[in-house]
Structure formats: structure tokens, C-alpha cells
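Secondary and tertiary structure notes
The chain contents come next:
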Amino acid sequence: MTARPHPPGPSDRGAPDGDPCGTGAGTGTGPTAPRPSTRRPGRIVVLASGAGSTLAALLAAHDDPAWGAHVVAVVSDRPGAGALDVARSAGVPTAVVAMADFPDRLAWDRALADAVGVFGPDLVVLAGFMRLVGPPLLESYAGRMLNTHPALLPAFPGAHAVRDALAHGVRVTGCSLIVVDAGVDSGPIVAQVPVPVLDDDDEASLHERIKVAERVMLVETVGRVARDGLTVEGRHARVGRRFR
Ligand code: GRF
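Criteria and cut-off values
- Residues numbered from 1 in each chain as written.
- Predicted model: local features only at pLDDT ≥ 70, side-chain atom pairs only at ≥ 80, totals over all residues.
- Heavy atoms only, no water.
- Helix = DSSP H or I, 4+ residues; strand = E, 2+ residues; numbered from the N terminus.
- Buried < 20%, exposed > 50% of the residue type's maximum accessible area, 1.4 Å probe, protein only.
- Contact = heavy atoms within 4.5 Å.
- Areas by Shrake-Rupley, 256 points an atom, 1.4 Å probe, with all protein chains shown as cover.
- Pairing = 2+ DSSP bridges.
- Right-handed = clockwise from strand over helix to strand, strands pointing away.
- Near = heavy atom within 4 Å.
- Polar contact = N/O pair within 3.5 Å; in protein donor to acceptor, adjacent residues only side chain to side chain.
- Nonpolar A, V, L, I, M, F, W, Y, C, P; charged D, E, K, R; others polar.
- Axes fitted to C-alpha atoms, helices over the stretch in contact; angles between N-to-C directions.
- Left-handed = near helix turned anticlockwise from the far one by under 90°.

1. With respect to the overall build of the protein chain
The helix and strand tally for the protein chain stands at six helices and nine strands. Counting over 244 residues, the protein chain shows a buried share of 49%. A separation threshold of at least 6 residues defines the contact pool for the protein chain, and within that pool the share at least 24 residues apart is 62%. Carbon and sulfur atoms make up 56% of the accessible area of the protein chain, which totals about 11100 Å².

What follows is the structure in C-alpha cells.
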């Protein structure tokens, strides 16, 4: 199956200046093709639970029209997440959907999907979001929801990837950007960057170096996805409209 991951979101209906996230300058030809200078950037909603250094990297890129995307909102499950402060400092709207405020998991899942949907994203990026997302989000953003993970998947999925890699004794680990599916860090891989493990690494030092690589990978790849689209076929994800 070839997924068309970036159909215009609700807010894009009738947009006069071309469709964002993948059908613009990179693929359009002929007299009706949108010009890069007028193409509206793809709308990104970022989900984050942590300090927000990964979000900060995206926000550092999003004022550049050439990047092709714009972070329109940050949604967190943690009211005290540093990522919310990072967003507010950049003037980006925020929303909090805390698990404790809902009677059960499905109610939270629905509220999370609603909170994201308000902003009409073309692409949803999980940048340090420490919860699994449920069917409401998965169904609404199938093939256009990406997650960054601090290991070379499929090795070391889950919440303790850096600790697990160190404990296993690997000499090289890294980071992965994947398409979110219903599993735990199991979706098709969009990008990966290796990071060597040093003899004196502990979890904190290794994670810091991975996060440096992760930020570069994320900004570079999200920009490419926003500009050129993403095609998913089975386990294979490729940036761009054409697959193989
Ligand atoms: C990243 O390594 C991400 O992969 C992991 O948490 C880190 C995010 O850190 N799940 P930050 O909150 O963006 O600083």
C-alpha cells in the first residue's frame, strides 16, 4: 500500500497557495504549480513530555521559509514539561492533555486527538513524547505522524533505550526517526544516525550525544518530509512522492 501521508488538513481546504507538506515545489510542474515563495509551509503539531531540547531545534528552523514547515502548536501530557516553556518563549500555542484529568485511557486518547486536531496539522511530530498514542490519533494521522527515538531501531525500543543499549554493551547506537504505528517504536524507519559508544559513557553522557545527532536528523528530515512528502509502503518509508 502506498500511503499519501499529507493530504491537506481541515484548515487547508480551499488554500489558494498550494498544498503544503509534499505537493509543492518539489513535485509540481506546469502552469498551475505553486511557486516556492508562495507555498504555505506545512503545519506541524509537536507532542512533547520532556525538557524540549528537540522541540527547540525544530523551532530554530521553522522561521526559515525554505525549511518548508511551521510548528503551529505544542501539546504535552505533562503540565510541567519544559517543552511548554520552550514553546511559549517562541510564541507557539500550547495545550496540555494530562492523563490524570480523564477517567480512562480512551477518554485521554480522544482528548489528545481533539487537542491536536484543533490546529489542523499536516504532520504530527513526537519529540520526546513519553506515551503511546492510541487509535484516535493513529487513525487521523496514519502515515503522517513521526517519532524520534534515541536508539537504532529495531534495537532497544521503549522508554529506556539509552540505558538498555549501554547495558547490552553495544559499541554503536544512535537515533531513529520512525512513522508511528500501533506498536512500541515499531513503525517504518524514515531516518537513522549512528552514534559511537565511548568507554566511559554513562546514560547521561551518551544520551546527550545522541540528542545532538537526533536534533540534526529531526530538523533535516522533517524539513524534507514537509517539502517533498513521505511515502510508506509496508515496512518501507521514503521521503518524496515516488516510491522506489
Ligand atoms: C530524546 O532523546 C527523545 O528521543 C527521547 O527523549 C529525548 C527528548 O528530549 N524520547 P527533550 O525533551 O527534547 O530535551
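2. With respect to the pairing of strand β4 (residues 123-126)
Of the two faces of β4, the one carrying Leu123 and Val125 and the one carrying Val124 and Leu126 are both buried. Relative to β4, strand β1 (residues 42-47) is paired through four bridges, and the arrangement is parallel. From the neighbouring strand, Ile44 faces β4, where its bridge partner is Leu123. Relative to strand β5 (residues 145-149), β4 is paired through three bridges, and the arrangement is parallel. Bridged to Val124 within β5 is Met145. Read as a crossover between parallel neighbours, the route from β4 over helix α4 (residues 135-140) to β5 is right-handed.

3. Focus: the site of the ligand
Around the ligand, the surrounding shell holds 13 residues, and the nearest of these are Gly52, Ser53, Thr54, His207 and Glu214. The contact in question runs from an oxygen atom of the ligand to an N or O atom on the backbone of Ala51, over 2.9 Å. At a separation of 3.3 Å, an oxygen atom of the ligand approaches a polar backbone atom of Thr148. The fraction of the free accessible surface of the ligand (370 Å²) that becomes covered by protein chains is 91%. Looking at the shell around the ligand, the elements that each hand over two or more residues are α1 (53-61), β5 and α6 (203-228). In terms of residues, the shell around the ligand owes the most to one element, α6, which gives three residues. Tallied by class, the residues present in the shell around the ligand amount to three nonpolar, eight polar and two charged.

4. Digging into the packing of helix α5 (residues 161-168) against α6
Between α5 and α6, whose axes approach to 9 Å, the crossing angle comes to 115°. In terms of crossing hand, the pair formed by α5 and α6 is right-handed. Residue-level inspection shows Val162, Arg163 and Leu166 of α5 in contact with α6, the latter providing Glu203, Leu206, His207 and Ile210. Grouping the amino acids of the contact of α5 with α6 by side-chain chemistry returns four nonpolar, one polar and two charged.

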